[in-house]
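This is what each chain is made of:
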Amino acid sequence: MTRYEAVIGLEIHVQIQTATKAFCRCEGDYNAPPNRNICPVCTGAPGALPVLSDEFVARAVRLCLALGARVNLLSTFDRKNYFYPDMPKNYQITQFFTPIGSEGRLLVTGADGVERAIGIERIHMEEDTARSAHLGERTLLNFNRAGLPLIEVVSHPDLKSGEEAAQYFKKIYDIAVKYLGICRGNMEEGNLRCDANISIRPAGSTALNTKTEVKNVNSFAFIAKAIDHEIERQIAIVEAGGEVESETRLWNPKLKRTETMRKKSGRNDYRYFNEPDLGPLRITAEFVEELRTTLPELPDDKRRRLREAYGINNEQLDLFIGYPAVCEYFERASSSATASFSTIAAWTSGELLRVEDKENFGAVQTPPEHIASLARLIDTKKVNGPQAKEIFAIMRETGSDPEEIVKNDPRFTAIGDDETAAIAAAVVADHPAETEKYLGGRENLLGFFVGQAMKRAKGKADPAKMSELVKKELTNRKK
Amino acid sequence: METLGVKDIYGNIAAHNGALNAYLQVVPEERLKPGAGPLSGVCLGVKDNIAVAGLQLTCGSKLLETYVAPYTATVVERLVAAGATVTGKLNLDEFAMGSATTYSAYGDTKNPWDEERTPGGSSGGSAAAVAAKMCDIALGSDTGGSVRQPASYCGIYGYKPTYGTLSRYGLTAFASSLDQIGILARRPGHIRELMQVAAGRDGRDATSIEAPSFDAQAFDPAKMRIGVIAEYEKNMGPAVRPAYDRCIETLKKAGATIVPLSFPEYDTVISVYQVIATAEASANLARFDGIRYTARAEGCSFRETTAASRGRWFGAEVKRRILLGTWVLSRAYYDSYYLRAAKVRTVILNRWKEFFGKVDMVLTPATAGTAFKRAEQPDTFALYLEDLFTIPANLTGMPAIAFPAGTHDRLPVGLQLTADLSRDGLLLDAAAWLEKNVMGFATIERGCRHDAI
């Protein structure tokens, strides 16, 4: 039986959040009442002309840099001609001949656990279309979305599985939404849209066979499933002696399968030519370098650094990479404390996220210094686990530093080693019968002594220390 | 600016517009809003492909019969802010595609010198209105000569600025890389006054540029090197040749140096223009789909509605150019037509840049002959050839002005001066000198037989 491999490329549209639309000064809020944010330019009135938004250019350059792409100092705007009811001018202003960004890359981890670079062919700027809604036989058009800035990121066909595609998509989502903050990231509203081009070939072959395009796989929940399903479908066709047809398909999440949307009869001819109303876009190397300095540390670099600097586990790494605000919190706590990174990481990712929303972490009230100081109390065994949880609750309620809480509340004042030793000795002295049995070989009675001792210490002793001292006391009796 | 006054202008409109069909819409006299500023009292006619909020914007097309512009073009806005008053909208070939104003869906405009004849096109309404004194000055648009050719046929001045000097915001696009709003006037000084107000960068037009100075400079013909193009001579009709020779003679006598130039690519300009202009037009006119603001022919689907609306209301010439433009951009022909034309355009630009290393201005006819009879309109292709002398300025972006230089058989003859990019001021200085020394409108109008002039 032939083994197959999949060849997958993704086209991701990122709706860029800017104050204005791409080519006019209408507000970029598509959620305003229908057809509120419109003007002659974005509705294609006769005589209206596009003027490029500087903010859009700056954000596109930042995205190019974040995706490791070459920023082209001269790029072109071009007209893509086709008639569609949601296209005000019946052509779209896009970048066809020379995009703003070329040849970027992102890392994904393959099924074999090895990291691989996925090539990004091009990153280009374009305008969004109006939104249509169907009402019975009628189609309603809302032009609030028409002319909103979009960036399309087109990968090389380097992806091999639904899982890899999902990782790649998620990474672009993280970079655009969480690291650069240039996209709202609302998938239901179509802020990020993903189409997948998929073909199969015998493993090891370099042929590029007929592909299908699966539209709108923009959900982390089903992108991998949709792609894997399409791969299976194509394999089944070829195995049965058939041929894969060139077509556009749509994922049906209910039936968990892709379905034909339209057959592709020949290639569309979009009759591209340079947009004469804009002319080429020229930017300077200085402008690009200036924007480079505004870039945050990016996921691939960050993961490497966190792993080396803090030695935290993979689960915590994933969390910190996916939620930069949580990560920043962790790093601030770590920089201010003498506590161990693992305790801070555990408390940040554990107790704190049980009560705080990681999606909206900027609003957290608890200062990172307080988590650090709690971790220090734990590390130095000044408080035990149950006490730490209680202190955590008080700390969140009162906003006080854990050190203060412990100092002002006698319940949390741990007793010293001398006192612990005295209690251990007293408990052993009070239970001669049990001591006899223990010394006679019933070593499981140790728990009984420790329990009694902790009770007498009102929980303020370190259980491990107590256990050690009780054992020592018992052993001394033997002599 | 010495103006005719609202009373006279409205008198002329009442007397002649019925016959000439220059205005498609006249703002009623009682609704004129007199403005204050340097252009106070100036009555401005506007070609009906330039937006003026609240006035119709038909572009000479049935498709836009009921369309009212929702905003005002930058140029009009600036002129009105300086005191000018818009008197109405002027006839044109549908979407400015034509050379005789015979392709208007609202009837031909007639030449005030002879109503049997064309006023030229596509800004025929603008030229006729200015010549017949139905406005002080008019705006037109010039994509391949659409301001200069009708100005020449009507014995007035027609000026196309350096590309970008007047904002295109509000001008319905025909071919965006060639289109410029232009000015039609009876005196070159009027053009200067308008430009001082209207020219310059506009935040709403990315292709607009800083304006050069339009202040009058002393013009000394003795310091001028005037280029003449050898290849053009054989394309010059007998009606034009005497005026051309006379103009050269006058300049020579005044001390100008006449420099012969060679333009070996002259016979490519029509093809290059047709390919580029129709390609851009095919996209620019795609927005007229029957969906948002045009007349709508009901169909069962978007495709049917669009096809039916465009099929029913676009005129034959517009359809011809859209088809041609769609063809030259299609994948199979892009390289051999569109891309090739774009390359030859660069060659032509370089040739004209080279000219201006040697000369200050180039003198050519504006048109090969005088206004032809509307009933004897040449066939489609011969009509395209009308633009031979005017097209280079659109392909290169250079400024050019058509000026009246005499009459032939009691019809005006126009010549043209072209200058290097942004040397618009020089052109207007030269035109003012020529007005005095050759033959301005004021002189030749006396020879006119039409009572409108």
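In this numbering scheme, every chain counts its residues from 1 along its sequence in written order. Following the order in which they are written, the chains are lettered starting with A and the ligands numbered starting with 1. Whole-chain, interface and lining totals are the exception, using all residues; otherwise, since this is a predicted model, local features are given only for residues with pLDDT of at least 70 and side-chain atom pairs are given and counted only at 80 or more. With hydrogens and water excluded, all non-hydrogen atoms of the structure serve as input to the side-chain values.

Considerations on the overall build of chain B
For the purposes of this entry, the term helix denotes a DSSP run of H or I that reaches at least four residues, the term strand denotes a run of E that reaches at least two, and both are numbered from the N terminus. The secondary structure content of chain B amounts to 14 helices and eleven strands. Relative to the globule expectation of 22 Å for 453 residues, the C-alpha radius of gyration of chain B, 20 Å, shows essentially globular dimensions. Counting only C-alpha atoms, chain B reaches 70 × 55 × 45 Å along its principal axes. Here the term buried applies to any residue with accessible area under 20% of the maximum for its type, exposed to any over 50%, and partly exposed to those in between, with areas from a 1.4 Å probe on protein chains only. Counting only residues that meet the buried cut, chain B has 64% of its 453 residues in that class. Relative to all contacts within chain B whose residues are 6 or more apart in sequence, the contacts with residues 24 or more apart total 76%. By the counting rule applied here, Lys and Arg register as positive and Asp and Glu as negative, while His and the ends of each chain are not counted. To locate a charge, take NZ of a lysine, CZ of an arginine, CG of an aspartate or CD of a glutamate. Charged side chains in chain B number 48 positive and 47 negative. The centres of these two groups are separated by 2 Å. Throughout, radius of gyration means the C-alpha value; the globule benchmark is 2.2 Å times the number of residues raised to the power 0.38. In this analysis, two residues are considered to be in contact whenever any of their non-hydrogen atoms come within 4.5 Å of each other.

Some words on the domain arrangement of chain B
All names here are of chain B. Note that domain bounds follow an automatic or database assignment of domains. In terms of domain boundaries, chain B breaks down into domain 1 (6-221 + 372-447) and domain 2 (266-343). Using C-alpha coordinates to define each centre, domain 1 is positioned 25 Å away from domain 2. Listed as interface residues are 27 residues of domain 1 and, on the opposing side, 24 residues of domain 2. The largest contributions to the domain 1 side of the interface with domain 2 come from Leu63, Met97 and Tyr384, which together make up 30% of the buried area. Salt-bridge detection follows one rule: a side-chain nitrogen of Lys or Arg within 4 Å of a carboxyl oxygen of Asp or Glu. Here domain 1 and domain 2 share zero salt bridges between them. Two parts placed together each lose some accessible area; with a 1.4 Å probe, that loss summed over both constitutes the buried area.

A few points about the packing of aromatic side chains
Residue and element names in this part refer to chain B. Pairing of aromatic side chains here covers Phe, Tyr and the six-membered ring of Trp, requires ring centres within 6.5 Å, and sorts the geometry by plane angle: under 30 degrees stacked, over 60 edge-to-face, intermediate tilted. Counted according to the given criterion, the structure contains 34 aromatic pairs over all chains. Considering the side-chain rings of Tyr67 and Tyr293, the 5.2 Å spacing of their centres and the 40 degrees angle between planes classify their relative orientation as tilted. Here Tyr293 lies in the loop between α7 (269-284) and α8 (302-313) and Tyr67 lies in the loop between β2 (43-47) and α2 (74-81), a separation of 226 residues in the sequence. On the basis of relative accessibility, which here comes to 9%, the residue Tyr67 falls in the buried class. Assessed through its relative accessible area of 16%, Tyr293 is described here as buried.

Points about the sheet that holds strand β15 (residues 273-274) of chain A
Strand pairing in a sheet relies on backbone hydrogen bonds, with the paired strands running either antiparallel or parallel. All names here are of chain A. For two strands to count as paired, DSSP must find a minimum of two bridges between them. The three strands lie next to each other as β5-β4-β15, forming an open sheet whose pairing is antiparallel. Of all strands in the sheet, those bounded by a partner on one side alone are β5 (91-94) and β15. As paired strands, strand β4 (residues 78-81) and β5 are joined by four bridges and run antiparallel to one another. When the bridges of β5 are listed, Asp78 appears paired with Thr94.

Some words on the state of the cysteines
We call a pair of cysteine sulfur atoms a disulfide whenever their separation is within 2.5 Å. Overall, the coordinates contain zero disulfides over all chains when judged by the stated rule. The cysteine Cys59 of chain B is free of any disulfide, with Cys39 of chain A supplying the nearest cysteine sulfur at 18 Å.

Here we look at the interface of chain A and chain B
Residue-level contacts link 32 residues of chain A with 36 residues of chain B. Buried surface at the junction of chain A and chain B, summed over both partners, amounts to about 2700 Å²; 59% is from carbon and sulfur atoms. There are one salt bridge connecting chain A and chain B. Across the pair Asp277 of chain A and Arg168 of chain B runs a salt bridge whose closest N-O atoms are separated by 3.0 Å. Whenever two N or O atoms come within 3.5 Å, that pair is a polar contact, provided that in protein one can donate a hydrogen and the other can accept it, and provided that, for residues adjacent in sequence, both atoms are side-chain atoms. Taken together, the links from chain A to chain B amount to 17 residue pairs in polar contact (both at pLDDT 80 or more).

Overview of the nonpolar core
Remark: nonpolar core denotes a set of buried residues (Ala, Val, Leu, Ile, Met, Phe, Trp, Tyr, Cys) joined through side-chain atoms within 4.5 Å. Counting residues in each nonpolar core, the largest one holds 169 residues, and the members touching the most others are Leu10 and Tyr168 of chain A together with Trp352 of chain B. Apart from the residues within four sequence positions on either side, Trp352 of chain B is in contact with Ile229, Tyr232, Phe263, Val362, Pro392, Thr396, Met398 and Thr418 of chain B. Membership of the second largest hydrophobic core comes to 87 residues, among which are Cys43, Val52, Ala127 and Val413 of chain B.

Brief notes about the sheet that holds strand β13 (residues 247-252) of chain A
Across the sheet, which stays open at both edges, the nine strands sit in the order β2-β6-β7-β10-β1-β11-β12-β13-β14 (chain A) with mixed pairing between neighbours. For this open sheet the edge positions go to β2 (70-71) and β14 (257-263) of chain A, each flanked by a neighbour on one side alone.

Notes on the environment of Gly459 of chain A
Residue and element names in this part refer to chain A. One can find Gly459 in the loop between α14 (446-456) and α15 (463-478). With relative accessibility at 25%, the residue Gly459 sits in the partly exposed group. Sequence separation between Gly459 and Ile344 is 115 residues; the distance between their C-alpha atoms is 24 Å. If sequence neighbours within four positions are ignored, Gly459 has contacts with Asn384, Gln387 and Met454.

Remarks on the pattern of salt bridges
Scanning the entire structure with this criterion turns up 54 salt bridges over all chains. We note a salt bridge from Glu55 of chain A to Arg59 of chain A, for which the minimum N-O separation is 3.9 Å. Residue Glu55 of chain A and its partner Arg59 of chain A are both found in helix α1 (residues 54-66); the two are separated by four residues, about one turn of the helix. Of the charged contacts in the structure, one is a salt bridge between Arg117 of chain B and Asp114 of chain B, with a shortest N-O distance of 2.9 Å. Both residues of the pair, Arg117 of chain B and Asp114 of chain B, count as buried.

Let's talk about the packing of helix α9 (residues 368-379) of chain A against helix α10 (residues 385-398) of chain A
Residues and elements named next belong to chain A. Closest axis-to-axis distance for the α9/α10 pair is 11 Å, and the angle between their directions is 160 degrees. If you check the angle between α9 and α10, you find them roughly antiparallel. Handedness of the crossing formed by α9 with α10: right-handed. Judged by residue contacts, His370, Ile371, Leu374 and Ile378 of α9 engage Ala388, Ile391, Phe392 and Met395 from α10. Of the residues that constitute the contact of α9 with α10, the class distribution is seven nonpolar, one polar and no charged. Axis lines are fitted to C-alpha atoms, over the contacting stretch for helices. Their N-to-C directions set the angle, which ranges from 0 to 180 degrees. When describing relative orientation, an angle under 35 degrees is termed roughly parallel and one over 145 degrees roughly antiparallel, while 65 to 115 degrees is termed roughly perpendicular and anything else oblique. In this scheme the crossing of two helices becomes right-handed for a clockwise turn of the near helix relative to the far one and left-handed for an anticlockwise turn of less than a right angle. Following the grouping adopted for this structure description, the nonpolar residues are Ala, Val, Leu, Ile, Met, Phe, Trp, Tyr, Cys and Pro, the charged ones are Asp, Glu, Lys and Arg, and the polar ones are all others, Gly among them.

Quick look at the side chain of Lys160 of chain B
All names here are of chain B. By the secondary structure assignment, Lys160 is in strand β5 (residues 157-160). Asp142 provides the closest opposite charge to the buried, unpaired Lys160, separated from it by 6.3 Å. Only 3.4 Å separates the side chain of Lys160 from the backbone oxygen of Ala393, close enough to count as a polar contact.

As for the packing of helix α5 (residues 299-310) of chain A against helix α7 (residues 324-336) of chain A
All names here are of chain A. Two numbers describe how α5 lies on α7: the axes approach to 13 Å, and their chain directions differ by 30 degrees. It follows from the interaxial angle that α5 and α7 lie roughly parallel. As for the relative orientation of α5 and α7, their crossing is left-handed in sense. Judged by residue contacts, Lys302, Arg305, Leu306 and Tyr310 of α5 engage Pro324, Cys327, Phe330, Glu331 and Ser334 from α7.

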